[in-house]
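Here is how the chains run, residue by residue.
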Amino acid sequence: MATVSNQELKQVLREHEMKATSQRIALLKLLNNTSEHYDAEEIYIELRKLQKTVSRATVYRSLETLVEQQLVSKLDFGEGRMRYENRQERDEHHDHLICERCGKVIEFFNLEMEAQQLAVCEKHDFLPSTHTMHIFGTCIECRATNPN
Ligand SMILES: [Zn+2]
Ligand SMILES: [Zn+2]
Ligand SMILES: [Zn+2]
């Protein structure tokens with residue numbers, strides 16, 4: 001994952017006609033520098049470590065704005081909470097394996113799978129815009145601690 005400077009993030013926000021507040025920058029930076037798929041509360045807790053004055057309401061509001069501006073992706077893994085990840089044009093597309101026991105998310109990219117999806121669309125004369133692929137199951141660590 002490429003590290004992005006504050007200056008670049010300011011530029012990104014400006015391109016999206018958003019005020020480059022320190023909070024939005026901190027939020028984008030956090031999501032940029034992690035492969036975690038945090039939920040809103042976890043993002044709030046992380047930002048709180050950096051800025052004592054951060055309020056939960058502002059974090060939640062900023063998140064929604066960044067999602068609307070398509071700078072951040074909102075992911076629903078069916079857990080009753082939404083998770084968020086960085087979404088920038090320079091980022092490669094990827095899909096997810098989700099552990100149903102510990103909630104760990106593994107990212108993967110499989111070219112053959114992507115090609116197959118396009119083939120399916122073509123077969124149905126369907127023009128795809130985007131897709132999300134979530135595979136649910138049990139990760140290796142969880143299977144090691146409790147094989148059942
Ligand atoms: Zn995919
Ligand atoms: Zn697990
Ligand atoms: Zn992801």
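Everything that follows concerns the structure shown earlier in this document.
Here is what the cut-offs are and how they apply
- Residues numbered from 1 in each chain as written.
- Chains lettered and ligands numbered in written order.
- Predicted model: local features only at pLDDT ≥ 70, side-chain atom pairs only at ≥ 80, totals over all residues.
- Pairing = 2+ DSSP bridges.
- Helix = DSSP H or I, 4+ residues; strand = E, 2+ residues; numbered from the N terminus.
- Axes fitted to C-alpha atoms, helices over the stretch in contact; angles between N-to-C directions.
- Buried ≥ 20, exposed ≤ 12 C-beta atoms within 10 Å, placed from the backbone.
- Parallel < 35°, antiparallel > 145°, perpendicular 65-115°, else oblique.
- Left-handed = near helix turned anticlockwise from the far one by under 90°.
- Contact = placed C-beta atoms within 7 Å.
- Nonpolar A, V, L, I, M, F, W, Y, C, P; charged D, E, K, R; others polar.

Novice: Teacher, can you tell me more about the pairing of strand E2 (residues 72–76) here?
Specialist: Regular strands place their side chains on alternate faces of the sheet. Pairing between E2 and strand E3 (residues 82–86): five bridges, direction antiparallel. Directly across from Lys-74, in E3, lies its bridge partner Tyr-84. Counting the residues in the hairpin turn of E2 and E3 gives five residues, including Gly-78, whose phi is positive at 70°.

Novice: I'm lost on the sheet that holds E3 in this one. Help?
Specialist: The strands making up a sheet are joined through hydrogen bonds of the backbone, oriented either antiparallel or parallel. Read across the sheet, three strands follow the order E1-E3-E2 without closing on themselves; strand pairing throughout is antiparallel. Since the sheet does not close on itself, it has two edges, and those belong to strand E1 (38–39) and E2, each with one partner.

Novice: What should I look at first to understand the sheet that holds strand E6 (residues 134–137) in this one?
Specialist: A sheet is described by the order of its strands in space; here three strands give the open sequence E5-E4-E6, paired in mixed fashion. Looking at strand neighbours, the two that pair on one side only are strand E5 (105–108) and E6, the edges of this open sheet. Pairwise comparison of adjacent strand axes, ignoring direction, gives a mean angle of 20° for this sheet. Taken together, the four bridges between strand E4 (residues 95–99) and E6 define a ladder with parallel strand orientation. The residue of E6 that forms the bridge with Cys-99 is Gly-137.

Novice: Can you walk me through the environment of Leu-50 in this structure?
Specialist: Inspection of the secondary structure puts Leu-50 in helix H3 (residues 40–50). We classify Leu-50 as exposed; it has 12 C-beta atoms within 10 Å. For the pair Leu-50 and Ala-26, spaced 24 residues apart in sequence, the C-alpha separation works out to 8.4 Å.

Novice: I'm lost on the packing of H3 against helix H4 (residues 56–68) in this one. Help?
Specialist: Relative placement of two packed helices is described by the angle separating their axes and the distance separating the axes. Packing of H3 against H4 brings their axes to within 10 Å, and their N-to-C directions diverge by 120°. Accordingly, the angle class assigned to the pair H3 and H4 is oblique. Here H3 and H4 pass one another in a crossing that is right-handed. On the side of H3, the interface is formed by Ala-40, Ile-43, Tyr-44 and Leu-47, while H4 contributes Arg-56, Val-59, Tyr-60 and Leu-63. For the contact of H3 with H4, the class distribution of residues is seven nonpolar, no polar and one charged.

So far we have only geometry, and geometry alone does not tell us how the molecule works.
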